[in-house]
Amino acid sequence: MYVHAGEDVMIRSSEIIAILEKETAKDSQEIQTFLDKKNDLVINLANGAFKSLIITEPHIYLSPIAPGTLKKRLMNSIGHELII
């Protein structure tokens, strides 16, 4: 199944590793270091400020969609409750 991540991008739900809030990504030095190392794999789907960070294999998406909305979409695509 797929999750709409913003713009015209659909992500295979089985590829999603994590969905993080923008504040979590900005406040964590570890995440900032990770993003700096993977900069060439970052795809910005937000025309302005992003609301969430979607980590997949192999890309990292900056999404304009709120993390809660992405979680609901992911739950609907896989058909059961997520443990977070």
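Everything below is about the structure printed above this text.
Figured I'd write up the structure that's included with this text. (Residues numbered from 1 in each chain as written. Predicted model: local features only at pLDDT ≥ 70, side-chain atom pairs only at ≥ 80, totals over all residues. Heavy atoms only, no water.)

**So, the overall build of the chain**
Check the secondary structure of the chain and you find three helices and six strands. Across the chain, helices and strands are ordered from the amino to the carboxyl terminus as β-β-β-α-α-β-β-β-α. Relative to the compact-globule value of 12 Å for 84 residues, the chain shows a C-alpha radius of gyration of 12 Å, a close match. Taking the principal axes of the C-alpha coordinates as reference, the chain spans close to 35 × 25 × 20 Å. Within the chain, the proportion of its 84 residues that are buried is 35%. Contacts in the chain between residues at least 24 apart in sequence constitute 47% of all its contacts with a sequence separation of at least 6. Accessible area of the chain: about 5,500 Å², with a carbon and sulfur share of 52%. The average position of the 9 basic charges and that of the 11 acidic charges among the side chains of the chain differ by 4 Å. (Helix = DSSP H or I, 4+ residues; strand = E, 2+ residues; numbered from the N terminus. Rg over C-alpha atoms; globule rule 2.2 N^0.38 Å. Buried < 20%, exposed > 50% of the residue type's maximum accessible area, 1.4 Å probe, protein only. Contact = heavy atoms within 4.5 Å. Areas by Shrake-Rupley, 256 points an atom, 1.4 Å probe, with all protein chains shown as cover. Lys, Arg positive; Asp, Glu negative; His and termini not counted. Charge placed at Lys NZ, Arg CZ, Asp CG, Glu CD.)

**Considerations on the side chain of S52**
Along the chain, S52 turns up in strand β5 (residues 52-56). The exposure class assigned to S52 is buried, which follows from its relative accessible area of 0%. A polar contact is formed between the side chain of S52 and the backbone oxygen of I65, at a distance of 2.7 Å. Aside from chain neighbours lying at most four places away, what touches S52 is I19, L20, K22, Y61, L62, S63, I65, A66, P67 and L70. (Polar contact = N/O pair within 3.5 Å; in protein donor to acceptor, adjacent residues only side chain to side chain.)

**Remarks on the environment of L35**
One can find L35 in helix α2 (residues 29-37). Residue classification places L35 among the buried residues on the basis of a relative accessible area of 14%. Each C-alpha atom, one on L35 and one on T69, is 23 Å from the other, the two residues being 34 residues apart in sequence.

**Quick word on the sheet that holds strand β6 (residues 60-63)**
Strand order in the open sheet formed by four strands is β3-β5-β6-β4, and the pairing between neighbours is mixed. The open sheet has two free edges, formed respectively by β3 (16-21) and β4 (42-44), since each of these has just one partner strand. Sheet twist, expressed as the mean angle between neighbouring strand axes with direction ignored, is 20 degrees. Where β5 lies against β6, four bridges are found, and the strand directions are antiparallel. Considered in β6, the bridge of I55 is made with I60. Contacts from α2 reach β3, β4, β5 and β6, with the element oriented near 60 degrees to β5. (Pairing = 2+ DSSP bridges. Axes fitted to C-alpha atoms, helices over the stretch in contact; angles between N-to-C directions.)

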